[in-house]
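Breakdown of the fold
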Amino acid sequence: MVSLLPETNAPAETDVLLDAWDYKGRPAPRSSTGRWGAAAMILVAELNERLTTLGIAVNLVTYLTATMHVGNAEAANVVTNFMGTSFMLCLLGGFVADSFLGRYLTIAIFTAVQASGVTILTISTAAPGLRPPPCSGNGGVAACAPATGSQLGVLYLALYLTALGTGGLKSSVSGFGSDQFDESDRGEKQQMMRFFNWFFFFISLGSLLAVTVLVYVQDNLGRPWGYGACAAAIAAGLVVFLAGTRRYRFKKLAGSPLTQIAAVVVAAWRKRRLDLPSDPAMLYDIDVGKVAAAEEGSTKKSKFKQRLPHTDQFKFLDHAAIDEDPAAEPSKWRLATLTDVEEVKTVVRMLPIWATTIMFWTVYAQMTTFSVSQATTMDRRIGASFQIPAGSLTVFFVGSILLTVPVYDRVIVPVARRLSGNPHGLTPLQRIGIGLVLSVVAMAVAALTEIKRLRVARDAAPLPSGGVVPMSVFWLIPQFFLVGAGEAFTYIGQLDFFLRECPKGMKTMSTGLFLSTLSLGFFVSSALVTAVHKVTGDRRPWIADDLNQGSLYNFYWLLAGLCLANTLVYLVAARWYKYKDGRAGADGSVNGVEMADAEPMFH
């Protein structure tokens with residue numbers, strides 16, 4: 001065997017990385033692979049993904065109602081189901097990347113899938129036979145033929161191919177970006193932290209371009225031009241990503257943590273009738289002596305887990321570590337190490353926090369559905385000629401995110417640091433809590449704004465069906481601003497919480513847990529809309545096709561009440577939760593290491 005060690009006394013890591021490989025499968029040279037040269041191309045792929053996905057979602061409800069002649073409730077559900085599926089498929093993408101394809105191939109393949117979905121969407125908006133004819137007016141009454149099943153089928157095929165591609169790409173792109181930096185090198189580790197800051201910036205930049213430029217193109221030049229621009233953007237992102245192949249650093253498949261969780265649960269269930277030993281030290285665990293010997297004889301970075309201490313919570317799972325037959329060859333489906341069990345316990349302890357953050361994203365879903373529908377009924381003129389596209393109102397939502405982050409960093413953190421002694425200001429759970437409170441306030445403000453809009457509509461009666469109410473669309477800014485500010489707290493707080501609290505070997509799992517709250521939030525929104533429409537639709541509808549004839553404010557009040565109850569439950573769960581051993585949560589350190597030197601924030 002040819003040694004990878006150089007002939008000098010310098011360690012091998014100065015020339016090559018022993019835990020990363022280049023595109024030919026050789027140890028990756030430090031000087032010619034990874035770092036910003038590779039990371040920049042990955043950032044372009046993420047920028048174009050965000051531009052494409054949000055460029056479709058943020059203005060989709062107006063296309064469904066105005067062109068496909070779908071009702072408001074159904075259109076809202078199409079949008080939320082599309083977004084929910086996109087985020088839920090991140091779990092599938094992460095599993096495929098960790099177990100079969102690796103992050104590079106997963107990104108490349110699923111980006112191509114997304115490009116094909118957006119191309120079909122573009123064709124469906126351009127071909128006359130794939131959309132219903134325009135409404136015809138007879139005596140002031142518009143007759144609108146609804147879209148046929150085949151027309152909606154092509155649209156749904158395009159949307160869900162796009163969702164599949166988005167899920168696979170989003171599950172791996174940030175992790176592949178972090179792979180381009182060596183965490184054992186202090187300089188590269190600092191570069192990686194800056195990469196995640198730039199990653200969040202590019203997400204926000206893509207969102208801003210989507211809700212301004214793309215929405216304007218869709219409304220003024222036509223949907224084929226707008227969605228065609230999306231297809232061109234994601235295709236260009238794929239080309240740039242593939243162009244960086246020779247510069248990338250590749251890591252070995254880590255295996256899916258979902259398999260570990262399933263194996264521990266199955267092993268515990270199989271041995272549920274066995275008595276647990278009185279001393280946890282008798283449970284099967286990592287052999288520290290063998291680990292040390294293996295580490296000493298290896299030139300590569302250790303892949304062995306660090307033994308975790310036993311905890312008394314969820315003792316049922318301890319059954320998985322009972323060694324029935326020490327002489328037999330252990331099977332992971334019958335015997336798990338106590339360390340594996342404790343890692344699964346860590347995930348279980350996080351579930352109450354995970355469950356109580358879902359409602360925030362249900363509120364978030366309203367910003368791309370009913371808030372946009374409200375905007376279509378209001379005065380959107382600026383000056384004599386320019387009219388703001390309804391979907392572009394979300395620019396205030398994106399702007400509030402970009403404004404809240406520096407305000408938090410420059411104002412809130414110094415104040416919180418002085419009050420709590422935490423050098424990082426607020427803990428992740430405190431940040432999430434603030435975001436949940438803002439969601440309650442946002443829905444209450446949205447309800448009051450809708451009450452005022454309907455009052456103005458009644459005073460200006462008679463209005464034609466779907467007529468424009470003489471009320472400035474800027475009245476909607478507060479609800480967009482409050483939800484945007486809430487996202488800045490909740491999004492970053494969730495990422496911080498899940499990345500830091502998940503076991504080190506479950507980085508992909510932590511991202512999946514976070515993204516699944518977004519997905520379920522959209523699905524909960526769809527379920528609520530369906531239930532409310534079914535209960536109120538035949539009498540006094542809360543969600544009418546003509547919002548001037550409905551009571552949308554009641555739906556907002558319902559959301560405000562549900563969010564308030566959810567926030568109270570969250571406070572109990574957050575008080576019950578204990579940060580991992582060695583992490584105080586209030587002082588921002590982990591066994592004396594500052595959180596800035598721990599796992600990256602934006603994954």
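One can find the structure itself at the top, above this paragraph.
These remarks concern the structure in this document. Predicted model only: the values in this text are computed from it and were never measured. (Residues numbered from 1 in each chain as written. Predicted model: local features only at pLDDT ≥ 70, side-chain atom pairs only at ≥ 80, totals over all residues. Heavy atoms only, no water.)

1. Some remarks on the overall build of the chain
Put simply, the rule reads: Numbered from the N terminus, helices here are DSSP runs of H or I no shorter than four residues, and strands are runs of E no shorter than two. Exposed residues in this analysis have more than 50% of their type's maximum accessible area, buried residues have under 20%, and partly exposed residues fall in between, with area computed by a 1.4 Å probe over protein chains only. For accessible areas, the Shrake-Rupley method is used with a probe of radius 1.4 Å. Any residue's cover is judged against the shown protein chains and nothing else.
Check the secondary structure of the chain and you find 16 helices and 10 strands. Going through the 603 residues of the chain one by one, you find that 53% of them count as buried. Here the chain has roughly 26500 Å² of accessible surface; of this, 63% comes from carbon and sulfur atoms.

2. Things to note about the nonpolar core
Cut-off, in case you're wondering: Think of a nonpolar core as a cluster: buried Ala, Val, Leu, Ile, Met, Phe, Trp, Tyr and Cys residues, connected wherever their side-chain atoms sit within 4.5 Å. Should any heavy atoms of two residues lie within 4.5 Å, those residues are considered in contact.
Core analysis: the largest hydrophobic core is formed by 147 residues, its most contacted members being L64, F241, L429 and F555. Here the element with the most residues in this core is helix α3 (residues 72–126); it accounts for 15 residues. Excluding anything up to four places from it in sequence, L429 contacts I353, F497, Y570, A574, Y577 and Y579.

3. Considering the side chain of R223
Of note, R223 is situated in helix α6 (residues 223–243). Since its relative accessible area comes to 11%, R223 is described here as buried.

4. A short note on unusual backbone geometry
The backbone of H69 shows a phi angle near 60 degrees, a positive value even though the residue is not glycine. Mapped onto the fold, H69 is located in the loop between α2 (60–66) and α3. The phi angle at F314 is positive, at roughly 50 degrees, despite the residue not being glycine. With respect to the helices, strands and loops of the structure, F314 is situated in the loop between α8 (288–296) and α9 (338–356). Residue classification places F314 among the partly exposed positions, given a relative accessible area of 31%.

5. Examining the packing of helix α13 (residues 428–459) against helix α16 (residues 552–576)
Note the threshold: Fitted lines through C-alpha atoms give the axes, limited to the stretch in contact for helices. The angle between two N-to-C directions lies from 0 to 180 degrees. Under this scheme an angle from 65 to 115 degrees is roughly perpendicular, one under 35 degrees roughly parallel, and one over 145 degrees roughly antiparallel; angles in between are oblique. In this scheme, a crossing is called left-handed if the near helix is turned counterclockwise away from the far one by less than a right angle; it is called right-handed if the turn is clockwise. Residue polarity follows a fixed list, in which Ala, Val, Leu, Ile, Met, Phe, Trp, Tyr, Cys and Pro are nonpolar, Asp, Glu, Lys and Arg are charged, and the others, Gly among them, are polar.
At a minimum axis separation of 8 Å, α13 and α16 run at an interaxial angle of 165 degrees. By the angle between their axes, α13 is roughly antiparallel relative to α16. Where α13 crosses over α16, the two elements pack in a sense that is left-handed. Across the contact of α13 with α16, the residue classes break down as 22 nonpolar, four polar and one charged.

6. With respect to a nonpolar patch on the surface
Rules: Here, patches come from residues exposed beyond 30% relative accessible area and free of salt bridges, joined within 9 Å for like charges and within 5 Å for nonpolar side chains (Val, Leu, Ile, Met, Phe, Trp, Tyr). Salt bridge, as used here: a side-chain nitrogen of Lys or Arg that lies within 4 Å of a carboxyl oxygen of Asp or Glu.
A grouping of L403, V407, V411, V415, L419 and F481 is seen on the molecular surface, where their side chains present a nonpolar patch of about 540 Å² in accessible area. A total of five residues in the nonpolar patch trace back to one element, the largest contributor, which is helix α12 (residues 394–420). Structurally, V407 can be placed in helix α12. According to the relative accessible area criterion, V407 is partly exposed, its value standing at 37%.

7. Comments concerning the packing of helix α1 (residues 35–57) against α3
At their nearest, the axes of α1 and α3 sit 7 Å apart, and the two run at 150 degrees to each other. Between α1 and α3, the crossing angle belongs to the class labelled roughly antiparallel. Seen from above, α1 lies across α3 with left-handed handedness. Residue-level contacts link E49, T52, T53, I56 and A57 of α1 to V79, F82, M83, Q114, V118 and L121 of α3.

8. Section: the side chain of T362
Locating T362 in the fold gives a position in helix α10 (residues 358–366). For T362, the contacting residues outside a window of four places in its chain are G521, V524, S525, L528 and L559.

9. Points about the pairing of strand β8 (residues 469–472)
A regular strand places its side chains so that they alternate between the two faces of the sheet. Going by this rule: In this description, strands pair whenever DSSP reports at least two bridges between them.
Only one face of β8 is covered, namely the one carrying V469 and M471; the face carrying P470 and S472 has none of its residues buried. Pairing of strand β5 (residues 378–379) with β8, which is carried by two bridges, proceeds in the parallel orientation. Of the residues in β8, the one forming a bridge with M378 is V469.

10. Some points on α12
The test is simple: Think of it this way: the bend at a residue is just the angle between two axes, each fitted to seven residues, one set ending at that residue and the other starting at it.
At Y408, α12 shows its maximal kink, close to 45 degrees. When we look at burial in α12, the residues that qualify are T394, F397, V398, S400, I401, T404, Y408, V413 and A416. Close packing links the buried residues of α12 with α5 (186–220), α10, α13 and α14 (477–501). One or two steps after α12, the chain reaches G421, where phi turns positive at roughly 85 degrees.

11. Describing the packing of aromatic side chains
Aromatic ring pairs: the centre-centre distance and the angle between the two ring planes describe each pair. To keep it simple, the criterion reads: Each Phe, Tyr or Trp ring (for Trp, its six-membered ring) is paired with any other whose centre lies within 6.5 Å, and the angle between the two planes then decides the class: stacked below 30 degrees, edge-to-face above 60, tilted in between. Look at NZ for Lys and CZ for Arg. If either is within 6 Å of the ring centre and within 35 degrees of the ring normal, a charge sits over the ring.
Tallied over the entire structure, the rule returns 26 aromatic pairs. Relative to F250, the ring of Y104 has its centre 5.2 Å away and its plane inclined at 85 degrees; by these criteria the two rings are edge-to-face. Placement of Y104 in helix α3 and of F250 in the loop between α6 and α7 (257–270) is noted, with a sequence separation of 146 residues between them. Owing to a relative accessible area of 15%, Y104 belongs among the buried residues under this scheme. Ring geometry for W361 against Y364: centres 5.2 Å apart, planes inclined by 65 degrees, an arrangement best described as edge-to-face. Of this pair, W361 and Y364 both sit in helix α10, three residues apart, which is roughly one turn of that helix. The exposure class assigned to W361 is buried, which follows from its relative accessible area of 0%. Sitting above the plane of the W475 ring, K452 keeps its charged end 4.8 Å from the centroid.

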